[in-house]
Amino acid sequence: MVDNIPVHVDPARPPAPTLEQVAERAGVSRSTASRAINGGLRVSPEALASVEAAVADLGYTPNRAARSLVTKRTDSIALVVPEPDERVLSDPFFAGTLNGLSTSLADSDMQVVLVIARPGESERTVRYLRNGHVDGAIVVSHHANDELDRALQLSHVPNVFVGRPLSADERDVQYVDTDNVEGGRLATQHLIDRGCTRIATIAGPADMSAGIDRLTGWRNAIRAAGMSDDAVVHGDFTMASGTIAARELLARYPDVDAIFIASDLMAAGALSVLAEHGKEVPRDVAVVGYDNLGVAASTTPPLTSVIQPVVAMARAAGARLLDQLNGAPPSPPLIFAPELVIRASA
C-alpha cells in the first residue's frame, strides 16, 4: 500500500498557459496554433501573426517533447569526441571547440549534447546518433580506426567534421580544417630562417589527419632545404606524451638545435625536458609549437606557435550543420590559412 503524499501548490504562482489558451486568444484552432508554434507549416500569415502575438501576451513556452512529435526534430546537436574522458577535460582544444559551436547556435533553439566516444565504442556512438536522440553531429579529434566518418555517412545522420576525415572519401564528408601541411612547413621554415641546421620534430598521432599533415609540412620544408628528415618521434598531442617524446628525441638525436612540435601541449612537456638537460631555449634548442591556445603564452619561455583557429573552425562547422538541417546542399571543405605567432622560444 502506498501512502498518499500531499502536494503543495503555491497559490501565488499562476498556472502555466496552455496551448488551448493560446489558440483561444489567437482565434484559431488548437491544431493551427500547434503548427504555427512548430514551424508555421500550412498556416496563413495572418494566423501565424495572431498566434505569435498570443504566445507573447500569455508568456507561453512550448513543450519540447510535444514539439518533437510534430517536427520530428530534437533541437539538439551532438558534439562527438572520440577521446578518453581525461583528455576532453584537460585539453584547451576541446574548450575552444565547445565555445565556437555554442556561439554558432546562439541564435537558434539548438542545444549541444557532449558525446564522448571512448576507444572501441564508435559503433555504440553511431547507434545513439542514428536512433533519433539528436538532429545532427559535429565530430572532432577523429582517428582513422574509429571509422566514424564512414559510419556516419552510411547512417545518413547530418554531420560535419572538424578536421579532415581519413577513412571515408573526402568528397562525401563535409568538414572544416586548417591547412596543417602549410602550418608545418611555415613553422619549420621559420626555424630554417633562424639558421638552425639540425631540426627535429615531435609529430602528432599517425592515425589523425593533423598529425599526418603537420609531419608532411615539416618534411617538405626540411627536404627543400637539403637537410636530413630522420629526427622524428611521435606523441599523442598530450603534455605527458611530449615529455616522453622529448626524452627519446634527445637520447637518439643529441645534436638537434631546433624542434618543431605538433601541439603546444606536447611542446610544454618538451620544454621541461630541455630544461632538465641543461638546454637553454632558444639559444641551444629553438622550439616552435602548434595551436596557439592559452598554454603557448604561459610556458617558459613563451612559445612561438602556429595558430589553429579552433573557435572559428567550430563556429563554421556549427553553421554548416544548421544549413544541412535546413535543407541546404553540401558545401565544399572550408580550409583556414595558418599563421605563425612569434614569441621567445624561436
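The name that an unreviewed UniProt entry assigns to the protein chain is LacI family DNA-binding transcriptional regulator, with the source organism given as Cellulomonas humilata.

Caption draft 1: Examining the pattern of salt bridges more closely. Scanning all chains against the criterion turns up 15 salt bridges. Close ionic contact of Arg-25 with Asp-57 constitutes a salt bridge, the shortest N to O distance being 3.7 Å. Linking Arg-25 in helix H1 (residues 19-26) with Asp-57 in helix H3 (residues 45-58), this pair joins segments that are 32 residues apart in sequence. Accessibility expressed as a relative area gives 48% for Arg-25, which makes it partly exposed. Using a relative accessible area of 55% as the deciding quantity, one classes Asp-57 as exposed. A salt bridge links Glu-83 to Arg-87; the nearest nitrogen and oxygen atoms lie 2.9 Å apart. The same class applies to Glu-83 and to Arg-87, which are both buried. One salt-bridge network, held together by shared partners, links Glu-83, Arg-87 and Asp-91.

Caption draft 2: Highlighting the pairing of strand E6 (residues 199-203). Counting buried positions along E6 gives five out of five residues, so the element sits mostly inside the fold. For E6 and strand E8 (residues 258-261), the ladder comprises four bridges, and the chain directions are parallel. Across the sheet, Thr-201 pairs through a bridge with Phe-260, a residue of E8. Note that E6 and strand E7 (residues 232-234) share three bridges and pair parallel. Looking at the pairing, Ala-203 lines up with His-234 of E7. Handedness of the crossover is the feature at issue here: the chain leaves E6, passes through helix H10 (residues 209-224), returns alongside E7, and the resulting connection is right-handed.

Caption draft 3: Up close: the domain arrangement of the protein chain. Once the domains are mapped, the protein chain shows domain 1 (19-71), domain 2 (76-178 + 311-337) and domain 3 (180-307). For domain 2 and domain 3, the distance between their C-alpha centres works out to 28 Å. Contact residues are listed per partner, giving 15 residues for domain 2 and 13 residues for domain 3. Between domain 2 and domain 3 the total buried area reaches about 1100 Å² when both faces are included, carbon and sulfur atoms providing 51% of it. At the junction of domain 2 with domain 3, the criterion picks out one salt bridge. In this structure, Asp-213 and Arg-164 form a salt bridge, with 2.8 Å as the shortest nitrogen-oxygen distance. On the surface where domain 2 and domain 3 come into contact, there are six residue pairs in polar contact (both at pLDDT 80 or more). Secondary structure elements with two or more residues in the side of domain 2 that touches domain 3: helix H6 (92-104) and strand E5 (175-178). For the side of domain 2 that touches domain 3, the class distribution of residues is four nonpolar, six polar and five charged.

Caption draft 4: Looking closely at the sheet that holds E8. Sheet architecture is open: six strands sit in the order E7-E6-E8-E9-E10-E12, paired in mixed fashion. Both edges of this open sheet fall to E7 and strand E12 (340-341), since each of them pairs with a single strand only. Together, E6, E8, strand E9 (286-291), strand E10 (304-307) and E12 form the strand contacts of helix H9 (residues 180-193), whose direction differs from that of E9 by roughly 160°. Its contacts with the sheet put H10 on E6, E7, E8 and E9, and the angle it makes with E6 is roughly 170°.

Caption draft 5: Local environment of the packing of H6 against helix H13 (residues 310-325). Interaxial distance between H6 and H13 falls to 7 Å at its minimum, and their mutual angle equals 40°. Between H6 and H13, the crossing angle belongs to the class labelled oblique. Read as a crossing pair, H6 and H13 show a hand that is right-handed. When H6 is examined against H13, the residues Phe-93, Gly-96, Thr-97, Asn-99, Gly-100, Leu-101, Thr-103 and Ser-104 are found in contact with a partner set consisting of Val-310, Val-311, Ala-314, Arg-315, Gly-318, Ala-319 and Leu-322. A breakdown of the residues in the contact of H6 with H13 according to their chemical character gives seven nonpolar, seven polar and one charged.

Rules of the game
- Residues numbered from 1 in each chain as written.
- Predicted model: local features only at pLDDT ≥ 70, side-chain atom pairs only at ≥ 80, totals over all residues.
- Heavy atoms only, no water.
- Salt bridge = Lys/Arg side-chain N within 4 Å of Asp/Glu carboxyl O.
- Helix = DSSP H or I, 4+ residues; strand = E, 2+ residues; numbered from the N terminus.
- Buried < 20%, exposed > 50% of the residue type's maximum accessible area, 1.4 Å probe, protein only.
- Pairing = 2+ DSSP bridges.
- Right-handed = clockwise from strand over helix to strand, strands pointing away.
- Domains from an automatic or database assignment.
- Contact = heavy atoms within 4.5 Å.
- Buried area = accessible area lost by both parts, 1.4 Å probe.
- Polar contact = N/O pair within 3.5 Å; in protein donor to acceptor, adjacent residues only side chain to side chain.
- Nonpolar A, V, L, I, M, F, W, Y, C, P; charged D, E, K, R; others polar.
- Axes fitted to C-alpha atoms, helices over the stretch in contact; angles between N-to-C directions.
- Parallel < 35°, antiparallel > 145°, perpendicular 65-115°, else oblique.
- Left-handed = near helix turned anticlockwise from the far one by under 90°.

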